[in-house]
Amino acid sequence: MANVSERTALPVTIQGVAHTFDNGFQALHETDLMIQPGTFCTLLGPSGSGKTTLLRIISGLITPTEGAIIIGNRDVTNVAIQERNIGFVFQHYALFPHLSVRDNIDFPLKTRKIDKAARREKVDRVLDLVGLSHLADRMPGQISGGQQQRVAIARALVYEPDVLLLDEPLGALDRKLRQQLGAELRRIQQETGTTAVYVTHDQEEAFLLSDTVVVMDDGGIVQRGAPEKVYNHPETEFVARFLGDTNILASDLAGIRAVGGDPVELEGDGRYSLRPEDIVVVDAMGESQPAGHYALDGTVELVNFMGSSTKVTVRAGEALLHIDTHLSAEHLTQGAPVTVAWDPEAMVRLETRAPATA
Ligand SMILES: Nc1ncnc2c1ncn2[C@@H]1O[C@H](COP(=O)(O)OP(=O)(O)OP(=O)(O)O)[C@@H](O)[C@H]1O
Ligand SMILES: [Mg+2]
């Protein structure tokens with residue numbers, strides 16, 4: 001589909017940005033990040049990790065104590081928010097309650113002194129984009145939360161911002177609506193070709209929406225990359241655990257053997273991440289698995305039926321392994337001896353030191 005704006009998208013460059021609040025608290029350590037034009041970039045991290053602070057710095061609501069923000073090739077570090085041509089959507093939609101849907105969306109155009117006919121055309125276009133043409137004359141109090149959030153997104157897009165910033169815009173909605181509106185948001189971003197920076201602490205949402213996921217912890221970026229890359233190749237235990245369930249195996253875990261072969265000793269003295277979906281519960285001794293896979297004997301400790309899968313906990317010596325399986329729960333009796341197996345390629349060696357923020 002054609003770009004709605006027909007303008008060239010702009011990159012956002014965060015150059016050596018750090019921020020210490022007036023009370024002396026450093027919420028952001030020196031950070032470098034390049035957001036490619038027209039891409040969807042998500043800042044993902046636990047509460048207090050500095051996501052909102054970084055987003056507000058990009059918007060101009062906060063002037064960083066160090067470093068520079070560059071949009072396109074314009075240094076906007078000291079440029080006021082209204083001069084940056086940025087669209088901002090917050091968690092709480094904050095529509096004007098006394099203005100209709102149409103007038104809410106028209107508002108930023110009115111303040112920009114654009115003539116009436118052009119405004120009407122732009123408003124109609126974004127109303128169509130967010131699928132709300134039929135509700136244009138309603139008041140915010142007469143539409144649902146999800147619809148209100150669509151109005152907020154339309155209002156942020158109507159003046160064709162160079163960059164769209166969104167801070168947990170779906171946070172107040174229920175899970176199903178979050179998924180639906182998330183998918184819609186992705187479509188809208190692709191249709192408009194706008195560079196988007198999105199904040200969430202929900203990793204599923206980050207995976208669904210993003211070209212790039214930037215994982216933050218404790219005021220810094222700990223890892224960045226395409227969703228699949230960070231999920232499959234976490235560099236640290238923090239990232240491995242934050243992006244989904246995982247097993248952390250110590251390299252001195254005893255009892256591992258190659259299927260149909262000798263005992264295996266894991267390399268090094270570090271730790272490994274192994275996702276629950278990468279482990280299979282196999283028949284006695286695991287001999288049906290390909291040679292070269294690793295096997296471990298244990299006993300079933302816990303079986304939880306989850307609907308689409310079954311979660312099994314297996315004790316193997318000191319270790320407790322969490323496994324997602326499609327085996328029917330009736331084949332897994334608590335206390336029964338089992339063998340589990342996995343492809344050694346699925347194990348990801350974790351860094352023990354803090355990673356560089358390269
Ligand atoms: N104005 C302020 N003065 C001092 N400290 C602040 C200020 N605003 C935020 N902080 C602190 O900076 C840290 C980062 O806050 P930030 O709002 O960026 O976190 P976040 O990652 O967005 O978290 P959440 O997921 O809860 O929204 C927190 O420890 C917070 O308490
Ligand atoms: Mg926040």
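Now for a description of the structure that goes with this document. Residue numbers restart at each chain and count upward from 1, following the sequence in its written direction. Chains and ligands are labelled by the order in which they are written, letters from A for the one and numbers from 1 for the other. Only residues with pLDDT of 70 or above have their local features reported here, since the model is predicted, and side-chain atom pairs are shown and tallied only from 80 upward, although totals for entire chains, interfaces and linings are computed over all residues. Just so you know, side-chain values use all the structure's heavy atoms and leave hydrogens and water out.

1. Focus: the overall build of the chain
Secondary structure elements follow DSSP: runs of H or I of four or more residues count as helices, runs of E of two or more count as strands, with numbering from the N terminus. A tally of helices and strands in the chain yields eight helices and 19 strands. Partly exposed residues are those whose accessible area sits between 20% and 50% of the maximum for their type, while under 20% is buried and over 50% is exposed, using a 1.4 Å probe and protein chains only. Per-residue burial over the chain gives 52% buried out of 358 residues. A total of about 17300 Å² of accessible surface is found on the chain, and carbon and sulfur atoms cover 49% of it. His is not counted here, nor are the chain ends, while Lys and Arg score as positive and Asp and Glu score as negative. Each charge is placed at NZ for Lys, CZ for Arg, CG for Asp and CD for Glu. Within the chain, the 48 negative side-chain charges are centred at a point lying 11 Å from the centre of the 32 positive side-chain charges. The method behind every accessible area is Shrake-Rupley, applied with a 1.4 Å probe, and residues are considered shielded solely by the protein chains displayed.

2. A short note on the packing of aromatic side chains
Here is the rule: rings of Phe, Tyr and Trp (six-membered ring for Trp) pair when centre to centre is within 6.5 Å. Planes less than 30 degrees apart are stacked, more than 60 are edge-to-face, and the remainder are tilted. Inspection of the entire model under this criterion finds six aromatic pairs. Between Phe88 and Phe90, the aromatic rings sit 4.3 Å apart at their centres with planes inclined by 10°, giving stacked as the arrangement. Given the relative accessible area of 15%, Phe88 is considered buried. Take Phe90: its relative accessible area is 35%, and that puts it in the partly exposed class. Their ring planes at 85° and their centres at 5.8 Å tell us that Phe207 and Tyr231 sit as a pair that is edge-to-face. Taken together, the positions of Phe207 in helix α6 (residues 203-209) and Tyr231 in helix α7 (residues 227-232) put the pair 24 residues apart, joining distant regions of the chain. Cation over ring: Arg112 sits above Tyr159, and NZ or CZ is 3.7 Å from the ring centre. Any Lys NZ or Arg CZ found within 6 Å of a ring centre and within 35 degrees of that ring's normal is scored as a charge over the ring. Over the aromatic face of Tyr231 sits the side chain of Arg275, whose NZ or CZ is 4.0 Å from the ring centroid.

3. Some thoughts on the sheet that holds strand β11 (residues 247-250)
Sheets are built from strands paired through backbone hydrogen bonds, the pairs being either parallel or antiparallel. In short, DSSP must find at least two bridges between two strands for them to pair. What the three strands build is an open sheet, ordered β11-β13-β19; its pairing is antiparallel. Either end of the sheet is taken by a strand with one partner, and the two such strands are β11 and β19 (348-350). Looking at each pair of strands side by side, their axes are set apart by 35° on average, direction ignored. Relative to strand β13 (residues 271-274), β11 runs antiparallel, the two being bridged by four bridges. The residue bridging Asn247 from the neighbouring strand is Leu274, located in β13. Axes here mean lines fitted to C-alpha atoms, for a helix over just the part in contact, with angles spanning 0 to 180 degrees between N-to-C directions.

4. Concerning the pattern of salt bridges
Put simply, a salt bridge is a Lys or Arg side-chain nitrogen that is within 4 Å of an Asp or Glu carboxyl oxygen. Enumeration over the complete set of coordinates arrives at 17 salt bridges. In this structure, the salt-bridge partner of Arg102 is Asp124, at a minimum N-O distance of 2.9 Å. Highlighted residues: Arg102 in helix α2 (residues 101-111) and Asp124 in helix α3 (residues 116-129), separated in sequence by 22 residues. Note that Glu160 is salt-bridged to Lys122, the shortest N-O span being 3.7 Å. Pair noted here: Glu160 is in the loop between α4 (145-157) and β7 (163-167) and Lys122 is in helix α3, with a separation of 38 residues, a long-range link. Salt bridges sharing partners connect three or more residues here, namely Lys122, Arg125 and Glu160.

These results come straight from atomic positions and should not be treated as a statement about function.
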